[in-house]
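One-letter residues, chain by chain:
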Amino acid sequence: MMTSLRPSPAYQPVRAWCVTAMLFVLIAINFMDKVVLGLVAAPLMRELHLSPAQYGVLAGSFFFLFALSGVAGGFLSNRFATRWLLLAMSLIWAIVQLPIAFSTSLVALVVCRVLLGAGEGPAQPVAIHACYKWFPDARRNLPVSVFQQGGVFGMVVAGIGIPLVNDRWGWRANFFVLAVLGAAWAIAWLCVGREGTLDAGRTSERAPARFDEGVPDTAFETHDANPQAAGNGTTCGVKSDERSSGKGSGQGDKQGDKQGDKQGEKQGNESGHGKGYENGDEKGIENADARRGARYGVDGSATETPRLRYRALLADRTVSFTIALHFAAFLSLALALTWLPAYLSEGLGFAPHRAGQLFAATLVVSAPIGLALSAWSQRLLMQGVPSRIARGAFVCACLGVGGLLLIAAALAPLPPLAKVVLIALAIATTPIIYSLGPAMVAQIVPASQRGAALAIEYSIAWTAGVIAPPVVGGLIRAANNNIAAGFEQGLLITGVLLAVLSVCGLTVLNPERSVERLSQRAIA
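Each value, and the rule that gives it
Residues numbered from 1 in each chain as written. Predicted model: local features only at pLDDT ≥ 70, side-chain atom pairs only at ≥ 80, totals over all residues. Heavy atoms only, no water. Axes fitted to C-alpha atoms, helices over the stretch in contact; angles between N-to-C directions. Helix = DSSP H or I, 4+ residues; strand = E, 2+ residues; numbered from the N terminus. Parallel < 35°, antiparallel > 145°, perpendicular 65-115°, else oblique. Left-handed = near helix turned anticlockwise from the far one by under 90°. Contact = heavy atoms within 4.5 Å. Nonpolar A, V, L, I, M, F, W, Y, C, P; charged D, E, K, R; others polar. Patch = residues over 30% accessible without salt bridge, like charges linked within 9 Å, V, L, I, M, F, W, Y side chains within 5 Å. Areas by Shrake-Rupley, 256 points an atom, 1.4 Å probe, with all protein chains shown as cover. Salt bridge = Lys/Arg side-chain N within 4 Å of Asp/Glu carboxyl O. Buried < 20%, exposed > 50% of the residue type's maximum accessible area, 1.4 Å probe, protein only. Expected span 1.5 Å × (residues − 1). pLDDT = per-residue confidence, 0-100. 1 Å grid on protein atoms, 1.4 Å probe; cavity = no way out; pocket = protein on both sides within 12 Å on 5 of 7 lines; lining within 4 Å. Points joined across faces, edges and corners; volume = space filled by probe spheres on them. Phe/Tyr/Trp six-rings, centres within 6.5 Å; stacked < 30°, edge-to-face > 60°. Core = buried A, V, L, I, M, F, W, Y, C linked by side-chain atoms within 4.5 Å. Polar contact = N/O pair within 3.5 Å; in protein donor to acceptor, adjacent residues only side chain to side chain.

**Focus on the packing of helix H18 (residues 387-411) against helix H19 (residues 416-429)**
Argument step 1. In contact at an axis separation of 8 Å, H18 and H19 are set at 160 degrees when each is read in the N-to-C sense. Regarding the angle of H18 to H19, the classification is roughly antiparallel. Both H18 and H19 take part in a crossing whose hand is left-handed. Between H18, through Cys398, Leu399, Gly402, Leu405, Leu406, Ala408, Ala409 and Ala410, and H19, the contact on the second element is made entirely by Lys419, Leu422, Ile423, Leu425, Ala426 and Thr429.
Argument step 2. Among the residues making up the contact of H18 with H19, the classes are represented as 11 nonpolar, 2 polar and 1 charged.

**Considerations on a nonpolar patch on the surface**
Argument step 1. Together, Val57, Phe64, Leu65 and Leu68 make up a nonpolar patch on the protein surface, roughly 400 Å² of accessible area in all.
Argument step 2. Checked against the element boundaries, Val57 lands in helix H3 (residues 52-60).
Argument step 3. Look at Val57 and you get partly exposed, because its relative accessible area is 45%.

**Considerations on the environment of Ala484**
Argument step 1. Examined against the element boundaries, Ala484 turns out to sit in helix H23 (residues 483-508).
Argument step 2. Ignoring any residue separated from it by four or fewer positions in sequence, one finds Ala484 in contact with Tyr343 and Gly347.

**Here we look at H19**
Argument step 1. Taking 1.5 Å of rise per residue, the 14 residues of H19 would be expected to cover 20 Å, and the 20 Å separating its terminal C-alpha atoms lies within 8% of that figure.
Argument step 2. All of the buried residues in H19 are Lys419, Val420, Leu422, Ile423, Ala424, Ala426, Ile427, Ala428 and Thr429.
Argument step 3. On its buried side, H19 packs onto helix H16 (317-347), helix H17 (352-382), H18 and H23.

**Observations regarding the confidence of the model for the chain**
Argument step 1. Of the residues in the chain, 77% reach a pLDDT of 70 or more, and the chain-wide mean stands at 77.
Argument step 2. Across residues 1-8, confidence stays below pLDDT 50; counting only partners more than four residues off in sequence or on other chains, it has 27 contacts.
Argument step 3. Scored below 50 in pLDDT, residues 201-300 makes 210 contacts in the model with residues more than four places away or belonging to other chains.

**So, the layout of surface pockets**
Argument step 1. If you add up the space inside the largest pocket, you get close to 1,400 Å³.
Argument step 2. Together, 37 residues line the largest pocket, and Lys34, Val35, Gly38, Leu337 and Thr338 are the ones closest to its centre.
Argument step 3. Mapped onto the lining of the largest pocket, the elements with two or more residues apiece are helix H1 (13-39), H3, helix H8 (141-169), H16, H17 and helix H22 (464-478).
Argument step 4. Looking at which element gives the most residues to the lining of the largest pocket, the answer is H16, with 8 residues.
Argument step 5. Its residues assigned to classes, the lining of the largest pocket shows 28 nonpolar, 7 polar and 2 charged.

**Things to note about the packing of aromatic side chains**
A ring pair, where both rings are aromatic, is described by two values, the distance of the centres and the angle of the planes.
Argument step 1. In total, this model carries 12 aromatic pairs according to the counting rule given.
Argument step 2. Ring geometry for Trp185 versus Trp189: centroids 5.1 Å apart, planes at 15 degrees, classification stacked. Of the two residues, Trp185 and Trp189 are both situated in helix H9 (residues 173-192); the distance of 4 residues between them amounts to about one turn of the helix.
Argument step 3. With relative accessibility at 4%, the residue Trp185 sits in the buried group.
Argument step 4. Aromatic ring contacts, followed pair by pair, group Phe62, Phe66, Phe330 and Trp462 into a single cluster.

**Quick notes on the nonpolar core**
Buried together is how nonpolar side chains tend to be arranged in soluble globular proteins.
Argument step 1. In terms of nonpolar packing, the biggest core is built from 110 residues, with Leu23, Leu86, Leu340, Leu344 and Val395 touching the most fellow members.
Argument step 2. Once residues within four sequence positions are removed from consideration, Leu23 is found in contact with Leu86, Ala127, Cys131, Phe147 and Trp189.
Argument step 3. Leu37, Ala41, Ala101 and Phe175 belong to the second largest nonpolar core, which has 21 residues in total.

**With respect to the side chain of Asn141**
Argument step 1. Residue position: Asn141 is located in helix H8.
Argument step 2. A residue is classified by how much of its surface remains accessible, and Asn141, at 0% relative accessible area, is buried.
Argument step 3. Within the local environment of Asn141, its side chain forms a polar contact with the side chain of Arg391, the two groups lying 3.1 Å apart.
Argument step 4. In contact with Asn141, not counting residues within four places along its chain, are Ser374, Ser377, Gln378, Leu381, Arg391, Ser435, Leu436 and Ala439.

**What about empty space enclosed by the protein?**
Argument step 1. Evaluation of the coordinates by the stated rule reveals 4 cavities of 30 Å³ or more.
Argument step 2. Listing elements by their share of the lining of the largest cavity, those giving two or more residues are H8, H16, H17 and helix H20 (433-444).
Argument step 3. Counting residues per element, the lining of the largest cavity draws most heavily on H8, which supplies 6 residues.
Argument step 4. Residues that form the lining of the largest cavity fall into these classes: 12 nonpolar, 10 polar and no charged.
Argument step 5. Around the second largest cavity, the lining residues are Asn30, Lys34, Phe66, Ala67, Glu120, Gly121, Ala123, Gln124, Pro125, Tyr458, Ser459 and Trp462.
Argument step 6. Contributions of two or more residues to the lining of the second largest cavity are made by H1, helix H4 (66-79), helix H7 (123-132) and helix H21 (450-461).
Argument step 7. The dominant element in the lining of the second largest cavity, judged by the number of residues it contributes, is H7, at 3 residues.
Argument step 8. The residue makeup of the lining of the second largest cavity, split by class, is 6 nonpolar, 4 polar and 2 charged.

**Topic: the packing of H18 against H20**
Argument step 1. Following both chains from N to C, one finds H18 and H20 inclined at 150 degrees, their axes separated by 10 Å at the closest point. In this structure, H18 crosses over H20, and the sense of that crossing is left-handed. Each of Ser387, Ala390, Arg391, Gly392, Phe394, Val395 and Leu399 in H18 lies in contact with H20, whose residues at this interface are Ile433, Leu436, Ala439, Met440 and Gln443.
Argument step 2. In terms of residue class, the contact of H18 with H20 is built from 8 nonpolar, 3 polar and 1 charged.

**Brief notes about unusual backbone geometry**
Argument step 1. In the Ramachandran plot, His49 falls in the positive-phi region, its phi being about 55 degrees despite a non-glycine side chain.
Argument step 2. Relative to the elements of secondary structure, His49 occurs in the loop between helix H2 (41-48) and H3.
Argument step 3. Note on His49: relative accessible area 68%, which makes it exposed.
Argument step 4. For Asn480, which is not glycine, the phi torsion reads 60 degrees and is therefore positive.
Argument step 5. For Asn480, the location among the structural elements is in the loop between H22 and H23.

Here it is as structure tokens:
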């Protein structure tokens, strides 16, 4: 029986980018949900008579189940359509906002925030998984970077809009607004959201030759290059039907026609049909296919089979090091989101209004730089540059630059505005890992396990958001409550970590080699 690849649906750019636009709005709502509590902290604490410690518990409750639910959502996305998972998550976000708007109990607020965190934990990895179903591997960098800018957009909109709502209608009205936004997105997604089809065949678009470095050309066909593998000195070529006539394909052998038998055997040796194929070792062909092609799609990424143990996936050098880089990069973002406003006002001496403007500008600057870097990496891929360079070395270079900028901001005797510029540029270069990191993981793992693998990677990396704020708080206390000194020590530690990991990553990150290694391990 001849082995063949299923035809894959064509890449549909218009529909793919429509889905990306919807994911952009979803991530914007996601980040508005995250930051709203901080923006209503003062009136909320006054009305409910909460102490700083009580508010700290309330603020941290969002992350109680965040990582666990993220992993669980990833495994669910392996089995269920991402269209329905994203719809369910958006409805959960909308529903749990309403009790917050009415609640007067700290316990009720904590429960709602825990549920909200659990509902939002899988958002990023499931959204990436959904996006990858619409884009072939060589085109995945930019769309993920685009919709992740929804986080910046959401925080800027929240920073401007929530204080206005506070002044006009009170802090509780913000949660009604967020509930309406979540429900409106769910309705729109129900109308236009669809499941991507590229995973169905994994052969949507053949990447340039160099992009698949390490993958032989035979991986894109259903034959083995070794004539002996097919038994009786033949090969199974994908175009054999075009080259073999009915008589020459072995029908003469079946009908007892001696001439047809010879002709069939001769043409069979050339094209993969005929007597040689029919009497050959079919198992040899299947084994050869497994060794050479079953793990690869034409886009250079892993195909559906065979499945791998998650222990083996996480132990892979490229995957594990991508998680480490993602963790280090998120440390810098966590520092910015939690301590940068206080550093600007109390550490560098900017007026509160000016500090708020600088904080917003720092976030806004990161968007165009992140998009430009993602587009650059994607252009390299489309030109045939191997992923280990276009993604691996590229992301290491960006994170290394970000690390050096943080070190300079912490150690160099610069004026306050210059320090802000360095921090802003560092925050702009490090988020490239949020799009290139998942792309490397997705290139390595089988598509049927991609959702869980992305969720595990994200959930581990996001633990930096739990670790960074209290660590910097401890550094500030150790510096006699000097916010500038403590925060800059945090910048220094993060910068050194980024720089060291980036240098090591230049030799470690190699998606093509990881696909080869895991392929051999799975077949063995």
